[in-house]
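Summary of the model geometry
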Number of protein chains: 2
Amino acid sequence: MTAADWIAADWGTSKLRLWAMAGDGSVLAARSAASGMGGLSPEAFEPALLALADDLLAPGRATEVVICGMAGARQGWIEAPYAPLPWRPAAAGATTAPSTDPRLSVRILPGLCQDDPPDVLRGEETQIAGFLAETPDFEGLICLPGTHTKWVRVAAGAVTAFRTAMTGEAFALFAERSVLRHAMDEGWDESHFRAAVAQAANRPERVATDLFTIRARALLDPAPPGAARARLSGLFLGLELAATRGMWVGQSVTVLGSADLTARYVSALDTQGAAARPVDGTRLTLTGLCAARDGLRAAG
Amino acid sequence: MTAADWIAADWGTSKLRLWAMAGDGSVLAARSAASGMGGLSPEAFEPALLALADDLLAPGRATEVVICGMAGARQGWIEAPYAPLPWRPAAAGATTAPSTDPRLSVRILPGLCQDDPPDVLRGEETQIAGFLAETPDFEGLICLPGTHTKWVRVAAGAVTAFRTAMTGEAFALFAERSVLRHAMDEGWDESHFRAAVAQAANRPERVATDLFTIRARALLDPAPPGAARARLSGLFLGLELAATRGMWVGQSVTVLGSADLTARYVSALDTQGAAARPVDGTRLTLTGLCAARDGLRAAG
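This write-up is about the structure you can find in this document. On a predicted model such as this, the values are computed, not experimentally measured, just so you know. (Residues numbered from 1 in each chain as written. Chains lettered and ligands numbered in written order. Predicted model: local features only at pLDDT ≥ 70, side-chain atom pairs only at ≥ 80, totals over all residues. Heavy atoms only, no water.)

It is worth spelling out the interface of chain B and chain A at this point. Frequently, the measure chosen for interface size is the accessible area removed from exposure when the parts meet. The interface is formed by 41 residues belonging to chain B together with 41 residues belonging to chain A. Contact with chain A buries surface across chain B, with Met166(B), Thr209(B) and Phe212(B) losing the most and accounting together for 17% of the total. Taken together, chain B and chain A are joined by 0 salt bridges. Inspection of the chain B/chain A interface yields 8 residue pairs in polar contact (both at pLDDT 80 or more). Listed by contribution, the elements that provide at least two residues to the side of chain B that touches chain A are β7 (112–114), β8 (119–121), β11 (158–165), α3 (167–177), α5 (207–220) and α6 (227–248) of chain B. Taken together, the residues of the side of chain B that touches chain A break down into 21 nonpolar, 8 polar and 12 charged. (Contact = heavy atoms within 4.5 Å. Buried area = accessible area lost by both parts, 1.4 Å probe. Salt bridge = Lys/Arg side-chain N within 4 Å of Asp/Glu carboxyl O. Polar contact = N/O pair within 3.5 Å; in protein donor to acceptor, adjacent residues only side chain to side chain. Helix = DSSP H or I, 4+ residues; strand = E, 2+ residues; numbered from the N terminus. Nonpolar A, V, L, I, M, F, W, Y, C, P; charged D, E, K, R; others polar.)

Set out below in structure tokens:
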């Protein structure tokens, strides 16, 4: 294996992904491992990185490793303190992570924090930096769907505000662990999804009882396959749209993420008459890590 | 052990409780076991009952056993079909459960179902029957807090409508299994609870983002001990009050249950200016089972 010029890494709660970069900016190798931050004590990060990257490191010099994501959380490798708003990608600093192998020089990028209302994100800032590197003049609202979906406002090249909804996590908890799991099958009924989104977005005050209706309906008057799962997803997504209405109303929303999740959010926003544009977010993390590394080098 | 005249049983998802009754209506013995419906296949119910009650059964005759709760669910001992609304306790029928031991004669009481909006309950109908046996002239709204809280309207001696909120289950899932578990401690801050109830009851459309604020606050500006747990409980309870507002507004609510749960609901309703009266619900299930058995005997 050719040694990497430097290494970019996205170190999340459940997964470590890394890219070995050549001096000309091309990708020599892309790898991933299940050694997510969630299962590691601070001293386990360096061995986990070496397990995946040892043959990518040149002997006799320190290879630069730039990391974004939960590795910088308080329970991660080392805390990379949150950067405040407004935040411009180019101005990002980084926190040096302790390592003993002389072939490593590791820095972790900060997440973002907002004072009022209190909110935090970590990892998504690098996807946003990647998007802004490709679209420097962008102004508006970015939605990044996921376990915790982020709604991020960008103005004059800076993140100025954001909000988090736990929609993906709530859906998984209710679908897999609540009494509603008995009503779930593997299908997906888009019309039930859209009806539930609209119902919760327009009548969020009813969601607490609408949830159990999914169970009662399955017992009394079985719905078509895929209806229960779609309704559950739709209720939580509609509640999220109700909470973020002040951000997206009257806007065209840019939805960054995987194809399936962005399609779901575009459909949900469409029930509210809101325009949305899906953007494939998979490559943006690497673009953002490259931009962050350029920024770090420019800053010396 | 003296043989029972008959046996009353409350067979829930996680627990079996039974009472051996004497001919004069007194309780000879009260017992419980962890053999809840959730862990039993249909053929395992009779052995589970015998394991707890064998020495209470007279030889040479069939002892009557009257059961309420999830043992009558589709996945239980045998399905005891739901009774429709309006429902009067005295008119309750029962479903005979199959048993092979000649010392057993087992009947399971029905749950209740509502067509529109679709809803079901199973077990609470017997607590309500017990309450109405003690308070025959009661008219109004009963709240039965629990894993799934039930709000039940009673008029002219009959249950006329009800709604279910999954508040207890939602709280447990988020407190124990979501990212918010990192913010939880064992304390309880009542002022944070009341503030969160009011916030969600008055602004239910914000709950989707207010939930993650609990996590962000813990990271950025740690709240006093007990605040995070109380806020999480308060948000879900406030969302429940928003969903049930049409039932409780302008009413005095009778809250049936354990002392800690009824106190929490009384406090929550108080934030909305609603009067509520706690009633110790622990004995009402047995009272209801006795009333149901009287009804079954009167019906032949």
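Right, let's get into the relation of the copies chain B and chain A. To go from the first copy of the chain to the second, apply a rotation about an axis and then a shift along the same axis. Between chain B and chain A, the superposition needs a rotation of 180° and an axial shift of 0.0 Å, giving an RMSD of 0.0 Å. Put plainly, the chains are arranged around a two-fold axis. Among all residues of chain B, the one whose C-alpha sits closest to the rotation axis is Pro204(B), at a distance of 3.0 Å. A share of 100% of the interface residues of chain B reappears at the interface of chain A, consistent with the copies meeting face to face through the same patch. (Least-squares fit on C-alpha atoms with pLDDT ≥ 70 in both.)

All right, on to the pattern of salt bridges then. Enumeration over the complete set of coordinates arrives at 30 salt bridges over all chains. Of the charged contacts, one joins Arg107(B) and Glu64(B) as a salt bridge, the two residues approaching to 3.1 Å between their closest N and O atoms. Placement of the pair is Arg107(B) in strand β6 (residues 104–108) and Glu64(B) in strand β4 (residues 63–68), with a sequence separation of 43 residues. According to the relative accessible area criterion, Glu64(B) is buried, its value standing at 12%. One continuous salt-bridge network, built from bridges that share partners, spans Asp5(A), Glu64(A), Arg107(A), Arg293(A) and Arg297(A). (Buried < 20%, exposed > 50% of the residue type's maximum accessible area, 1.4 Å probe, protein only.)

In this section: the nonpolar core. Counting 56 residues, the largest nonpolar core has Phe174(A), Leu232(A), Phe174(B) and Leu232(B) as the members making the most contacts within it. Elements represented by at least two residues in this core include exactly α3 (167–177), α4 (190–202), α5 (207–220) and α6 (227–248) of chain A together with α3, α4 (190–202), α5 and α6 of chain B. Not counting residues within four places of it along the chain, the set of residues in contact with Leu232(A) comprises Phe171(A), Phe174(A), Ala175(A), Leu180(A), Met184(A), Leu211(A) and Ile214(A). (Core = buried A, V, L, I, M, F, W, Y, C linked by side-chain atoms within 4.5 Å.)

In the structure shown here, the tally under the stated rule is 1 cavity of 30 Å³ or more. There is about 200 Å³ of room inside the largest cavity. For the largest cavity, the lining is made up of 19 residues, of which Phe236(A), Leu239(A), Leu211(B), Phe236(B) and Leu239(B) are closest to its centre. Mapped by element, the contributors of at least two residues to the lining of the largest cavity are α3, α5 and α6 of chain A together with α3, α5 and α6 of chain B. Its residues assigned to classes, the lining of the largest cavity comprises 17 nonpolar, 2 polar and no charged. (1 Å grid on protein atoms, 1.4 Å probe; cavity = no way out; pocket = protein on both sides within 12 Å on 5 of 7 lines; lining within 4 Å. Points joined across faces, edges and corners; volume = space filled by probe spheres on them.)

The subject of this paragraph is the packing of helix α2 (residues 124–134) of chain B against helix α8 (residues 284–298) of chain B. Residue and element names in this part refer to chain B. Axis separation between α2 and α8 bottoms out at 7 Å; the angle between their running directions is 80°. For the element pair α2 / α8, the angle class is roughly perpendicular. Residues Thr126, Gln127, Ala129, Gly130, Phe131, Ala133 and Glu134 of α2 lie in contact with α8, whose contacting residues are Leu284, Thr285, Thr287, Gly288, Leu289 and Ala291. Residue composition of the contact of α2 with α8, by class: 6 nonpolar, 6 polar and 1 charged. (Axes fitted to C-alpha atoms, helices over the stretch in contact; angles between N-to-C directions. Parallel < 35°, antiparallel > 145°, perpendicular 65-115°, else oblique.)

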